[in-house]
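Next come the chains, spelled out residue by residue.
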Amino acid sequence: MENITLGQNGPVVKPLCIGTWAWGDKLFWNYGNDYGPQELQAAFDAAIEAGITFFDTAEVYGFGVSEQLLGQFMQKTEQKMQIATKYGPFPWRITNQSVADALTESLKRLQVQKVALYQVHWPFTFFMSQETLMNALADEVEQGRIETVGVSNYSAQQIREAHQILARRGIPLAVNQVRYSLLTRQIETNGILDTVRELGITILAYSPLAQGLLTGKYTPNSSETPSGARKIDPRFNQEGLQKIEPVISLLRQLGEKHKRTPAQVALNWLIAQGNVIPIAGAKTAQQVRDNAGALGWQLTDDEITQLEKLSRPWLK
């Protein structure tokens, strides 16, 4: 499986990214109880061993702890890493200096001079216009503190606007990070996927396993129950699990054929869409190794089509 260039001329990365939302997050992921820095260090080491050096974080993950942990782990390796982090356009951030200050703090926590990708975490600009925001990001590219600019959760129209503003500065928009999986395919019908393909923008797919639904771990007959906020997610109740059972069954069948897990098949399907990089969250070394099993092989065209047809109910 070939490497992917972020956008038109960004960093070259493996077609799999390690997500670090859970690194330091106590609200959703129970950091400090079920796992801690030791497990995360092992996960980081396992990623490098698997040849995966692309990590996605954000200033809000664990209120900065995710970036801090990544920074500490990177000090212990000479391997070149590609780090993506995010800027939160909060209501009190109203000037271009707000962007510069937020980036400065992220770089300090990460203990680096620049990041491969800096993304706008969500499209609500409140009191700062897209014009001001994108130009502030362009300034940082020119100053060498970020290699490429990305956005997250932007609609097709918002992507075009951001792309046009950056283009006036001669800077391409490299990435739109969105929810995308076999069970969340709305970007294929709402114009986002068509727009990024037209403009040469890469999709970073978060929640590529639909919060664990595509692992096959949760079934209508299983005693396994999800933790955290997923407990109240209707997709995890009996009716929701019965609805996805045909997809899980096919993932299992294809997994047995390729000697892979359902999750690895689901990730491989996303990569097969072209210029799509799944962000697979991991808290342990074993989870990283499991995610890495999505690389180094390919589903056939027929198998890709089978999964596409069976998951069409999730296009809307």
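Residues numbered from 1 in each chain as written. Predicted model: local features only at pLDDT ≥ 70, side-chain atom pairs only at ≥ 80, totals over all residues. Heavy atoms only, no water.

Side note on the overall build of the protein
Moving on, step 1. When you go through the protein residue by residue, the secondary structure sums to 10 helices and 10 strands.
Moving on, step 2. Its C-alpha radius of gyration of 19 Å places the protein within 12% of the 20 Å reference for a compact globule of 316 residues.
Moving on, step 3. Projected onto the principal axes, the alpha-carbon positions of the protein cover approximately 55 × 40 × 35 Å.
Moving on, step 4. Once local pairs closer than 6 in sequence are excluded, the contacts in the protein between residues at least 24 apart make up 78%.
Moving on, step 5. With the model as given, the accessible surface of the protein reaches about 14,100 Å², and the carbon-plus-sulfur share is 48%.
Moving on, step 6. Both charge centroids of the protein, one from 30 positive and one from 31 negative side chains, sit 2 Å from each other. (Helix = DSSP H or I, 4+ residues; strand = E, 2+ residues; numbered from the N terminus. Rg over C-alpha atoms; globule rule 2.2 N^0.38 Å. Contact = heavy atoms within 4.5 Å. Areas by Shrake-Rupley, 256 points an atom, 1.4 Å probe, with all protein chains shown as cover. Lys, Arg positive; Asp, Glu negative; His and termini not counted. Charge placed at Lys NZ, Arg CZ, Asp CG, Glu CD.)

Focus on the pattern of salt bridges
Moving on, step 1. This model, assessed by the stated rule, comprises 14 salt bridges.
Moving on, step 2. For the salt bridge of Glu 105 with Lys 108, the shortest nitrogen-to-oxygen distance reads 3.5 Å. Placement of both Glu 105 and Lys 108 in helix H3 (residues 96-110) is noted, with a separation of 3 residues, approximately one turn of the helix.
Moving on, step 3. With a relative accessible area of 55%, Lys 108 lands in the exposed category.
Moving on, step 4. Of the charged contacts, one joins Arg 185 and Glu 308 as a salt bridge, the two residues approaching to 2.9 Å between their closest N and O atoms. (Salt bridge = Lys/Arg side-chain N within 4 Å of Asp/Glu carboxyl O. Buried < 20%, exposed > 50% of the residue type's maximum accessible area, 1.4 Å probe, protein only.)

A short note on the packing of helix H7 (residues 238-258) against helix H8 (residues 262-271)
Moving on, step 1. Here H7 crosses H8 at 95°, and the two axes come no closer than 8 Å. Comparing their axes, H8 and H7 come out roughly perpendicular. Facing H7, whose interface residues are Leu 251, Arg 252, Leu 254 and Gly 255, H8 presents Pro 262, Val 265 and Ala 266.
Moving on, step 2. Residues belonging to the contact of H7 with H8 are distributed by class as follows: 5 nonpolar, 1 polar and 1 charged. (Axes fitted to C-alpha atoms, helices over the stretch in contact; angles between N-to-C directions. Parallel < 35°, antiparallel > 145°, perpendicular 65-115°, else oblique. Nonpolar A, V, L, I, M, F, W, Y, C, P; charged D, E, K, R; others polar.)

So, unusual backbone geometry
Moving on, step 1. Although it is not a glycine, Phe 63 adopts a positive phi angle of roughly 50°.
Moving on, step 2. The backbone of Ala 210 shows a phi angle near 50°, a positive value even though the residue is not glycine.
Moving on, step 3. By secondary structure assignment, the location of Ala 210 is in the loop between strand S9 (202-206) and H7.
Moving on, step 4. In this structure Ala 210 comes out as buried when scored by relative accessible area, which is 1%.

Considering the pairing of strand S6 (residues 115-120)
Moving on, step 1. When you tally the buried positions in S6, you get 6 out of 6 residues, the bulk of the element.
Moving on, step 2. Pairing analysis gives 4 bridges linking strand S5 (residues 82-87) to S6, with the strands arranged parallel. Looking at S6, one finds that Thr 85 is bridged to Tyr 118.
Moving on, step 3. Of the crossover connections in this fold, the one passing from S5 over H3 to the parallel S6 is right-handed.
Moving on, step 4. With 5 bridges connecting them, S6 and strand S7 (residues 146-152) associate as parallel partners. By the bridge assignment, Val 120 is partnered in S7 with Val 151.
Moving on, step 5. The handedness of the S6 to S7 crossover, carried by helix H4 (residues 130-142), is right-handed. (Pairing = 2+ DSSP bridges. Right-handed = clockwise from strand over helix to strand, strands pointing away.)

Here's the deal with the pairing of S9
Moving on, step 1. In terms of burial, S9 is a largely internal element, 4 of the 5 residues being buried.
Moving on, step 2. Of the strand pairs in this sheet, strand S8 (residues 173-179) and S9 are connected by 5 bridges, and their pairing is parallel. Each residue of the ladder has a partner; that of Asn 176, found in S9, is Ile 203.
Moving on, step 3. A crossover links S8 with its parallel partner S9, the connecting element being helix H6 (residues 192-199), and its sense is right-handed.
Moving on, step 4. Of the pairings in the sheet, the one linking S9 to strand S10 (residues 276-281) comprises 3 bridges and is parallel in character. Its bridge partner lying in S10, Ile 203 is registered against Val 276.

A short note on the sheet that holds strand S4 (residues 54-56)
Moving on, step 1. Reading around the circumference, S3-S4-S5-S6-S7-S8-S9-S10 is the order of the 8 strands in this closed barrel, with parallel pairing throughout. Ignoring strand direction, the axes of neighbouring strands in this sheet form an average angle of 30°.

Quick look at the layout of surface pockets
Moving on, step 1. Estimated volume of the second largest pocket: approximately 230 Å³.
Moving on, step 2. Lining the second largest pocket are 14 residues; nearest its centre among them are Met 74, Met 81, Ile 83, Val 112 and Lys 114.
Moving on, step 3. The set of elements that each furnish at least two residues to the lining of the second largest pocket consists of S5 and S6.
Moving on, step 4. The residue makeup of the lining of the second largest pocket, split by class, is 6 nonpolar, 5 polar and 3 charged. (1 Å grid on protein atoms, 1.4 Å probe; cavity = no way out; pocket = protein on both sides within 12 Å on 5 of 7 lines; lining within 4 Å. Points joined across faces, edges and corners; volume = space filled by probe spheres on them.)

As for the nonpolar core
Moving on, step 1. Counting 91 residues, the largest nonpolar core has Trp 23, Met 134, Ile 203 and Leu 214 as its most contacted members.
Moving on, step 2. Look past the residues within four positions of Met 134 in its chain and what remains in contact with it is Val 120, Val 151, Tyr 154, Ala 162, Ile 165 and Leu 166.
Moving on, step 3. In terms of nonpolar packing, the next biggest core, distinct from the first, is built from 12 residues, Ile 4, Phe 54, Ala 84 and Ala 174 among them. (Core = buried A, V, L, I, M, F, W, Y, C linked by side-chain atoms within 4.5 Å.)

Regarding helix H1 (residues 37-49)
Moving on, step 1. Helix length check: H1 (13 residues) gives 18 Å between terminal C-alpha atoms against 18 Å at 1.5 Å per residue, within 8%.
Moving on, step 2. Looking one or two residues past H1, Gly 51 carries a phi angle of roughly 80°, positive in sign. (Expected span 1.5 Å × (residues − 1).)

Observations regarding the side chain of Gln 177
Moving on, step 1. As for its position among the elements, Gln 177 is in strand S8.
Moving on, step 2. A distance of 3.2 Å separates the side chain of Gln 177 from the side chain of Asp 56, its partner in a polar contact.
Moving on, step 3. When sequence neighbours within four positions are dropped, the list of residues in contact with Gln 177 reads Asp 56, Lys 86, Gln 119, Val 151, Ser 152, Asn 153, Leu 204, Tyr 206 and Ile 279. (Polar contact = N/O pair within 3.5 Å; in protein donor to acceptor, adjacent residues only side chain to side chain.)

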